[in-house]
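Spelled out from the first residue to the last, the chains are:
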Amino acid sequence: MSPQHQISDPKIIRIALAGQPNVGKSVIFNRLTGLSQVVGNWPGKTVAKAEGTAKFGNYIFKIIDLPGIYSLSTYSLEEIVSREYILDESPDYIVNVLDSNHLERNLFLTIQLLMLNRPTIISLNQIDLLKERGYEIDREKLESLLGVAVVPTVAVHNRGVHEILEEIIEIEEGHKTLSMKKITFGKEIEEKINQISAEVQELYRKISCPSKFMAMKLLENDEYCLKNIRAFNEVTGSDTAKLVYKINETRTNLENLHGEQISTILNAEMYNISSQIVTQVEFLKTQTRKSKIRHLIDHITLDNIKGYILLAVVMFGIYLAIFSFGNWISGLMDNLFGLITPGAINLLGADTWAFKIIWSSIIGGLFAGIGGVLPYVIPFFAIIEILQDTGYLPRAAYLMDRFMHSIGVHGKTIIPVLIGLGCNVPAISATSIMETEAEKKRAIVISSLIPCSAVTTIVLGLVGKYLGIGWAFLLYLINLMVIIIVGKLMSNWFEEGGIQSELIIELHDFRRPNLKVIAKQTWHRSKEFVVLALPLIVILSILMQIMMEFNIVESLNIMISPITVYILGLPIGVGIYLFYGVLRKELNLILLELYVLSIGMTMNEYMTPIQMITFTLVTMLYVPCLATIVVIGKESGKKFALQIFLFELLGAVFISAIVRWSYVLLAFILPQRSESVVMITTFAFLFGLMILTLHLIKKHSNHQKKHHRNRSPEQTILIQENLLDHSGCQSCRRCHLNQCEEKKD
Ligand SMILES: Nc1nc2c(ncn2[C@@H]2O[C@H](COP(=O)(O)OP(=O)(O)OP(=O)(O)O)[C@@H](O)[C@H]2O)c(=O)[nH]1
Ligand SMILES: [Mg+2]
């Protein structure tokens, strides 16, 4: 190859998207990489770092989307992920994404990032909303004050996003240089930090973290930095001890002088710097009137009475809409399949292999999958996405906090719970927002019991469709009672790991949902069904035909018949489908429907109403699907995943057996009554039992509580976005969110 045809290898550049929660990091990440990180209008969605690549010119960008952090002093599990990545992995560039509507608070983190002396680009995001409010930010001035490149972006509309990479290329190719400004505190603090910094520099020359940042963090008594210097082999333990002694002395002196904790003093310094910057760069261009509608909506959604009524209407409305839409489409598909089947029989012959494989398994499988699942799943995901993107989710979380707390789990659990209504897998990942391991484990157990969209498909597609929506709601009610009982039991059993941290919810303004974002996220979630489940349905139904031909299915069904037939009272043929449900829950209904069709029956003929109820109940409550179990194993260990698996399996069989046997008993006691009367009485009996169980647990816990009087009560703290931009006592996390009651005055 001639020299002019040689193309140099692309250069790999690692960039980290860092910023406070809910500023738009993941939207930017998705735009640049084409991937689908969770996006929504509430803080704390990204809980683990995600990596993607973007090719641009002769560069390959390895982009890391990090969980949001308010500052480099961290609190919750996912914040530690971000901080450790920024400090330990030294990305080539930090892209600090800011919400330009809350510049002062966002700059608080920027100042700390600048102290790390890494090439930094600022993405001034959500500039569209800033303009709507009548404000403008002087980009050049901000660039010159901070010495970084500033790129205004509207990530949701893909404006300015690729310019971030162009800026980096400009720097890489020497067309632009960054002259990052040194952060200078007030005279007295600056002197002290510089003294410590000089000693750190002297002793730990080779440590990767800049000495001034290190000095500030050591002064703050930051455990991570202390651990770092203690583990630094090239310095003797006694030298480190001397330095730590000196730092402690400086800290005490400063605290005595100011009458404040050191973190308060340092945070005040940083807020001071950021507010000075804001006064120089941000100005009001046109006075706009505050949206009255927004305030009205906020008032209703958070109101103690109207809020709950609205929440109930929203939840009920969601299920009703999905039920009506799903049943309509699935009915159309059933009719269509019925209409064309005679033609297929003519063509392939009625009892031939070709008919069984091509028609019943492949075409039938596709019809059942597309008609029986997608019409329920797609609208469900779309609605969940709309709730997330508008900002309703954290408002629901606020309302539900008291309830969550009353069942013994942390209020934040409501976030994974609401996500779990869509799919349990991201819900389990979202439990990383919990602040302690014990809270996380409880949140995992609760989230794994939430009826996901696959369960909804079965509840609405079987019980709802054949028995009526009322029975479907009764099943949801049983599920809810089970969650309450499990939550209460956990809070009794694991009392010592009690709920310590408060629920702090930052409420961002309601937004118009972005249709593109919603469509993309809905498709991303539904795609999994199309790509994974549809082929699986076809393969398994072919396998089923073959296994039936060789009587293998029958043997398997006989093997588990002691549970399915004798304990649960189900038809012997359903056994195998309960196995398939572990792979993906919706499989058991789809494959069962195909089987019933293949033996020339309808669901109504194959199962009695109580059998439909028991089958659905056991599917609702027994083990979460395989993907969920794998994620639980990853998040909290294989042993814990196995414990959940066994506990939920036994629990599901136990509760479903109670339903079945009470029905049998009641049918015997009430021989002249109609089936629905007996079924209602059965449900009433089950609810009675559950209420009694709750009463017993409460009695027991009252006894225990006497020994745990001094447990800190949980508090719900609600922060309205428009109150965020000023400082409180500035020493704690709540201060970053401006709800610290201590020092407001
Ligand atoms: N109007 C507007 N909305 C935006 C913009 N960028 C992001 N959003 C919205 O802001 C919300 C938060 O976006 P995310 O990308 O999820 O934020 P994040 O920083 O990744 O949040 P965490 O992962 O929770 O830290 C979503 O509702 C987005 O649709 C923008 O430029 N303009
Ligand atoms: Mg994110």
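Looking at an unreviewed UniProt entry, one finds the protein named Ferrous iron transport protein B, with Candidatus Lokiarchaeum ossiferum as its source organism. UniProt annotates the protein under Subcellular location (unreviewed entry) with the comment "Cell membrane".

The next subject is the overall build of the protein. The number of helices and strands found in the protein is 32 helices and 10 strands. Burial status across the protein gives 54% buried among its 745 residues. When contacts within the protein are restricted to residue pairs at least 6 apart in sequence, those whose partners lie at least 24 apart make up 76%. A total of about 33,300 Å² of accessible surface is found on the protein, and carbon and sulfur atoms cover 61% of it.

Quick look at the site of ligand 1 now. In the region of ligand 1, 25 residues are neighbours, and Lys25, Lys45, Thr46, Asp389 and Arg511 sit closest. With respect to ligand 1, the backbone of Val27 contributes an N or O atom lying 2.9 Å from an oxygen atom. At 2.9 Å from an oxygen atom of ligand 1 is found a main-chain nitrogen or oxygen belonging to Lys45. Across the complex, the protein chains shield 97% of the 650 Å² of accessible surface that ligand 1 would expose by itself. Going through the elements one at a time, helix H1 (25-33) and helix H4 (127-132) are the ones with two or more residues in the shell around ligand 1. Counting residues per element, the shell around ligand 1 draws most heavily on H1, at 3 residues. Each residue belonging to the shell around ligand 1 can be placed in one class, and the counts come to 10 nonpolar, 10 polar and 5 charged.

The subject of this paragraph is the packing of helix H20 (residues 453-467) against helix H26 (residues 585-598). Close contact between H20 and H26 brings their axes to 6 Å; oriented N to C, the two are set at 35°. Pair H20 / H26 crosses with left-handed handedness. Residues Ala454, Val455, Thr457, Ile458, Gly461, Leu462, Lys465 and Tyr466 of H20 form the contact with H26, whose participating residues are Lys585, Glu586, Asn588, Leu589 and Glu593. Class assignment for the residues of the contact of H20 with H26 results in 6 nonpolar, 3 polar and 4 charged.

The next point concerns helix H22 (residues 515-549). In this model, H22 (35 residues) spans 49 Å end to end at C-alpha, consistent with the 51 Å of a helix rising 1.5 Å per residue. Remark: the principal bend of H22, roughly 30°, maps to Ala533, with a proline, Pro535, within the next four residues. Its side-chain oxygen placed 3.1 Å from the backbone nitrogen of Lys516, Asn514 serves as the N-cap of H22. Looking one or two residues past H22, Asn551 carries a phi angle of roughly 60°, positive in sign.

Looking at the magnesium ion (ligand 2), the protein donor atoms are Ser26 (OG) and Thr46 (OG1), and they sit 2.0 Å from it. Of this pair, Ser26 sits in helix H1 while Thr46 is found in the loop between H1 and strand S2 (50-56), placing the two residues 20 residues apart along the sequence. Take Thr46: its relative accessible area is 9%, and that puts it in the buried class.

The subject of this paragraph is the packing of helix H13 (residues 306-348) against H20. Interaxial distance between H13 and H20 falls to 10 Å at its minimum, and their mutual angle equals 70°. The orientation of H13 with respect to H20, classified from their angle, is roughly perpendicular. Residues Tyr319, Ile322, Phe323, Asn327, Ser330 and Asp334 of H13 pack against Thr456, Leu460, Gly464 and Lys465 of H20. Tallied by class, the residues present in the contact of H13 with H20 amount to 4 nonpolar, 4 polar and 2 charged.

Once that is clear, we can look at the sheet that holds strand S7 (residues 149-152). Strands pair in a sheet through their backbones, by hydrogen bonds, and they do so in one of two ways: parallel or antiparallel. With respect to topology, 6 strands assemble into an open sheet ordered S2-S3-S1-S4-S5-S7, the strand pairing being mixed. Single-partner strands in this sheet number two, and they are S2 and S7. Strand-to-strand twist of the sheet, defined as the mean angle between neighbouring strand axes without regard to direction, takes the value 25°. Pairing geometry for strand S5 (residues 120-125) and S7, over 4 bridges, is parallel. Bridging from a neighbouring strand, Leu124 pairs with Pro152 of S7. With respect to the sheet, helix H5 (residues 139-146) is in contact with S5 and S7, its orientation differing from that of S7 by roughly 150°.

Now for the environment of Ser406. Its location among the elements puts Ser406 in helix H16 (residues 392-406). Among the residues examined, Ser406 registers a relative accessible area of 39% and is labelled partly exposed. Taking the C-alpha atoms as reference points, Ser406 and Gly487, 81 residues apart in sequence, are found 9.0 Å from one another.

A water-sized probe rolled over the atoms picks out the places where empty space is left. Counting across every chain of the model gives 2 cavities of 30 Å³ or more. Space inside the second largest cavity adds up to approximately 120 Å³. Along its surface, the second largest cavity is lined by 13 residues, and Met315, Leu387, Leu393, Leu418 and Leu421 are the ones closest to its centre. Secondary structure elements with two or more residues in the lining of the second largest cavity: H13, helix H15 (374-390) and H16. Of the residues in the lining of the second largest cavity, the class split is 12 nonpolar, 1 polar and no charged.

The backbone of Asn117 sits at a positive phi, close to 60°, despite the residue not being glycine. For Asn221, which is not a glycine, the phi torsion comes out positive at approximately 65°. As for its placement among the helices and strands, Asn221 is situated in the loop between helix H8 (211-219) and helix H9 (223-230). Note on Asn221: relative accessible area 42%, which makes it partly exposed.

Per-chain confidence: the protein averages 85 in pLDDT, with 90% of residues scoring 70 or above. Here residues 1-5 is modelled with pLDDT under 50, and outside its nearest four sequence neighbours on either side it reaches 1 contact, counting other chains as well. Here residues 720-745 scores under 50 on pLDDT; set against residues more than four positions off or in separate chains, the count is 69 contacts.

Cut-offs used in this document
Residues numbered from 1 in each chain as written. Chains lettered and ligands numbered in written order. Predicted model: local features only at pLDDT ≥ 70, side-chain atom pairs only at ≥ 80, totals over all residues. Heavy atoms only, no water. UniProt positions renumbered as here; feature names shortened; annotations may be inferred. Helix = DSSP H or I, 4+ residues; strand = E, 2+ residues; numbered from the N terminus. Buried < 20%, exposed > 50% of the residue type's maximum accessible area, 1.4 Å probe, protein only. Contact = heavy atoms within 4.5 Å. Areas by Shrake-Rupley, 256 points an atom, 1.4 Å probe, with all protein chains shown as cover. Near = heavy atom within 4 Å. Polar contact = N/O pair within 3.5 Å; in protein donor to acceptor, adjacent residues only side chain to side chain. Nonpolar A, V, L, I, M, F, W, Y, C, P; charged D, E, K, R; others polar. Axes fitted to C-alpha atoms, helices over the stretch in contact; angles between N-to-C directions. Left-handed = near helix turned anticlockwise from the far one by under 90°. Expected span 1.5 Å × (residues − 1). Bend = angle between axes of the 7 residues up to and from the residue. Donors = N, O, S within 2.8 Å, 3.2 Å for Na, K, Ca; no water. Parallel < 35°, antiparallel > 145°, perpendicular 65-115°, else oblique. Pairing = 2+ DSSP bridges. 1 Å grid on protein atoms, 1.4 Å probe; cavity = no way out; pocket = protein on both sides within 12 Å on 5 of 7 lines; lining within 4 Å. Points joined across faces, edges and corners; volume = space filled by probe spheres on them. pLDDT = per-residue confidence, 0-100.

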